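So you can see what is in the structure, the chains are spelled out below.
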Amino acid sequence: MKITRVKINGYRGLSEKEIFFDNGINVIYGENESGKSTILNFIENTLYAGVYENLEDNRPWFSSYFSGELDLKVNNNILSFNREFSKSLSITKLDDGATFVFDKNRTYNPSDFLPFSREVFNEISIINFSKDFNKIKNVNSLNEYLLSIIFSSDYFDSNKILINLDKEKNEIGTDRMSNKELGLINKDILFLEKSIDSTNFDLLIKRKEEILSDLENDLKIEEDKISHENNNIIHKKLLERDYLSSRIHNFKSSKLLFCIIEIFSFVFAIFGLIKSIKVLTLLSSIIFIAFLLVLVLNIKYNNRLLEQINNLNNDIELYLKNNKNIDSYEINILKNKIFNLRQEIEIQKEARDENNNYKLRILDKKKMRQELLDKRELIIQLMDIIDISQKSVIKKLLGDISKSTSFYLNKLTNGKYKRVIFDSDMLIKVYEEKKAAYIEADKLSSGILQLLMFSIRLSLSYNKDNILLLDNSTVYLDFKHKNLFLNSLFTLENQFQILFFTNDEEERDFYKRAGKNIIYLKE
């Protein structure tokens, strides 16, 4: 994999800048403030496309275009990436002669073709020894920093797994860690347990339901009693009404007879007057007046009977209604007691249900707690298994890294330091030929330490299709080791594409004489 072209439309202080790179060594030369760091930063943030975190810091100074292009050569295919920094994805095109199988349903990013993640790429591929030595000040020891470079490599995926498992285990925490998952669940359980009412609601409800049943029985007895009394009264009223109705019926029968007697007495009275029979006239008149008086009295009596019957009907209707809606002082008291008791039972049932809900939630929380404990135990077991297997893997990998690091350091120091080892305490030691002894890394000079760091990075990139971006890479080297370092890059250019950023004229001229691609930047 090689970078063949970079075009910056607008990024920091650069705009409309196009650069072409060769396969091997490429020297990007320029004075300070000429844009070397800008190009390196642009390459990094284009290779690992995404919404760039420091968007505002890198906006172009003299252009409205915050974008650029980068061409990658992958297996003889040229992949062209158009990077819009305000967007999350790059637009990808292939050259016309590409043999790469291109999936039109996905968007490609340059990082899809890179051998490392962004974090590893920053540690291994972007080499700036000034920044290295600044980082060393922030860790406990030089050895710790060198190991951090080694363990950042994708060779040690199991170490990343261990880190992730340990992080997950710490998130679960223990019973005493109140801010972790286990501690939070324990808090919830304690709160729920305090919320539970110790009252035996089932027994309490059962007793109240028994009392309710007794009250309902009393109510029914009282209602039956009143209903029976009402029925007796209604029966009496009906008998009385029937008797009165029979009297009215009898009056209707006698009324006709009275009318006939009245007619005959009236006729005889008229006849007596015509015939001047005084006795007959007087007797007939008396009979007529007497029966007329009796008829009037009977009619009044009959009307009174009808009124009584009407009153009886009203009474009967009222008692029939009372039978449907039986009501009394005692019944109202019983109904109120029953109503209040039913409300109390409902409240107790709600309290019981809430209590049961708390208990169920406690069971769920305890189940979750047990699952977390099981998960934590499983994580610990996995970590033990991985740790055991990792030790043997690390031992072999560190052996391989020791060999390849020794190979590169031997070349870079012209045979002065031939071997690099990791002792039982994981200390990095270098064998010095003159002293015939191993020296701890933190005892080395800054220049040799710089070459050791470079050798470690080269060994981690071994058999990887990688790009090396060297920035300020000879800062701590003396003349002799600087020449060894610059010459060593010739042996590496068949394996890596090298972008060498410098403001040193001697370094520029050194590679210019060798016919390497020199890219000049102006302020």
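These numbers were taken from a predicted model, which means no experiment stands behind them. (Residues numbered from 1 in each chain as written. Predicted model: local features only at pLDDT ≥ 70, side-chain atom pairs only at ≥ 80, totals over all residues. Heavy atoms only, no water.)

Participant: In this structure, what is going on with the layout of surface pockets? I would like to understand it.
Facilitator: Over the atoms rolls a probe the size of a water molecule, and its path tells where empty space is left. Space inside the largest pocket adds up to approximately 790 Å³. Lining the largest pocket are 35 residues; nearest its centre among them are K36, S37, T38, N128 and D471. Only α1 (36–47), α2 (118–124), α3 (129–136) and β12 (497–502) provide two or more residues apiece to the lining of the largest pocket. Here the lining of the largest pocket takes six residues from α1, the largest share from any one element. Classifying every residue of the lining of the largest pocket by side-chain character gives seven nonpolar, 14 polar and 14 charged. (1 Å grid on protein atoms, 1.4 Å probe; cavity = no way out; pocket = protein on both sides within 12 Å on 5 of 7 lines; lining within 4 Å. Points joined across faces, edges and corners; volume = space filled by probe spheres on them. Helix = DSSP H or I, 4+ residues; strand = E, 2+ residues; numbered from the N terminus. Nonpolar A, V, L, I, M, F, W, Y, C, P; charged D, E, K, R; others polar.)

Participant: Just checking my understanding: could you explain unusual backbone geometry for this structure?
Facilitator: Backbone geometry follows two general trends: most residues other than glycine have a negative phi, and most peptide bonds adopt the trans configuration. One non-glycine residue with positive phi stands out, namely E16, at about 50°. Tracing the backbone shows E16 in strand β2 (residues 14–20). Overall, the relative accessible area of 55% leaves E16 in the exposed class. Unusually for a residue other than glycine, N472 sits at a positive phi of about 55°. Locating N472 in the fold gives a position in the loop between β11 (467–471) and α11 (479–492). Judged by its relative accessible area of 36%, N472 falls in the partly exposed class. (Buried < 20%, exposed > 50% of the residue type's maximum accessible area, 1.4 Å probe, protein only.)

Participant: Can you help me understand the side chain of E44 in this one?
Facilitator: Within the secondary structure, E44 sits in helix α1. Residue classification places E44 among the buried positions, given a relative accessible area of 13%. Once you skip the residues sitting within four places of it in the chain, E44 turns out to touch R118, N122 and I126. (Contact = heavy atoms within 4.5 Å.)

Participant: Quick question: what am I supposed to make of the sheet that holds strand β13 (residues 517–520) here?
Facilitator: Strand pairing in a sheet relies on backbone hydrogen bonds. The paired strands run either parallel or antiparallel. Taken together, five strands build an open sheet; the order of strands is β7-β11-β12-β3-β13 and the sheet is parallel. A single partner strand is all that each edge strand has here, and the edge strands are β7 (126–127) and β13. Two elements, strand β3 (residues 25–29) and β12, share five bridges in a ladder whose sense is parallel. Residue pairing for β12: Y29 is matched across the bridge by T502. (Pairing = 2+ DSSP bridges.)

Participant: Where do I start with the pattern of salt bridges in this structure?
Facilitator: Two side chains bearing opposite charge may form a pair once their charged atoms approach each other closely. Per the stated rule, a full pass over the model turns up 22 salt bridges. A salt bridge links K349 to E209, with the shortest nitrogen-to-oxygen separation between them at 3.7 Å. Placement of K349 in helix α9 (residues 329–412) and of E209 in helix α7 (residues 201–275) is noted, with a sequence separation of 140 residues between them. Overall, K349 belongs to the partly exposed group, its relative accessible area being 25%. Of the charged contacts in the structure, one is a salt bridge between E493 and K516, with a shortest N-O distance of 2.7 Å. On the criterion of sequence distance, the pair formed by E493 in the loop between α11 and β12 and K516 in the loop between α12 (505–513) and β13 is long-range, its members being 23 residues apart. Each of R5, E18, E69 and D71 takes part in one network of salt bridges that share partners. (Salt bridge = Lys/Arg side-chain N within 4 Å of Asp/Glu carboxyl O.)

Participant: What's the story with empty space enclosed by the protein in this structure? I'm lost.
Facilitator: The final tally for this structure, using the stated rule, is one cavity of 30 Å³ or more. Estimated volume of the largest cavity: approximately 40 Å³. Along its surface, the largest cavity is lined by Y408, K411, L412, L458, S488, T491 and L492. Mapped by element, the contributors of at least two residues to the lining of the largest cavity are α9 and α11. Along the lines of polarity and charge, the residues of the lining of the largest cavity split into four nonpolar, two polar and one charged.

Participant: Is there a simple way to explain the sheet that holds strand β9 (residues 428–432) in this structure?
Facilitator: Taken in spatial order, the three strands make up an open sheet running β8-β9-β10, and their pairing is antiparallel. The sheet is open, and its two borders are formed by β8 (417–422) and β10 (437–440), each paired with just one other strand. Neighbour to neighbour, the strand axes of the sheet diverge by 35° on average, direction disregarded. In the sheet, β9 pairs with β10 via four bridges, with the strands oriented antiparallel. The residue of β10 that forms the bridge with V430 is I439. (Axes fitted to C-alpha atoms, helices over the stretch in contact; angles between N-to-C directions.)

Participant: Could you clarify how one ought to interpret the pairing of β12 in this entry?
Facilitator: The side chains of a regular strand alternate between the sheet's two faces. Counting buried residues along β12, six of its six residues qualify, which places the element largely inside the surrounding structure. Side-chain alternation along β12 places Q497, L499 and F501 on one buried face and I498, F500 and T502 on a second face that is also buried. In terms of strand pairing, β11 meets β12 through five bridges, oriented parallel. Note on β12: the bridge partner recorded for D471 is F501.

Participant: What exactly am I supposed to notice about the packing of aromatic side chains here?
Facilitator: A ring pair, where both rings are aromatic, is described by two values, the distance of the centres and the angle of the planes. Here the structure, examined in full by the defined rule, presents eleven aromatic pairs. With a centroid separation of 5.8 Å and 35° between ring planes, the pair formed by F490 and F510 is classed as tilted. Of this pair, F490 sits in helix α11 while F510 sits in helix α12, and the two are 20 residues apart along the sequence. For F510, a relative accessible area of 17% gives the class buried. When the centroid spacing of 5.5 Å and the interplanar angle of 65° are considered together, the rings of F490 and Y511 count as edge-to-face. Within this pair, whereas F490 is found in helix α11, its partner Y511 is found in helix α12, the two being separated by 21 residues in sequence. Of the residues examined, Y511 reaches a relative accessible area of 0% and is grouped as buried. One aromatic cluster is present, built from ring pairs that chain together F490, F500, F510 and Y511. (Phe/Tyr/Trp six-rings, centres within 6.5 Å; stacked < 30°, edge-to-face > 60°.)

These results come straight from atomic positions and should not be treated as a statement about function.
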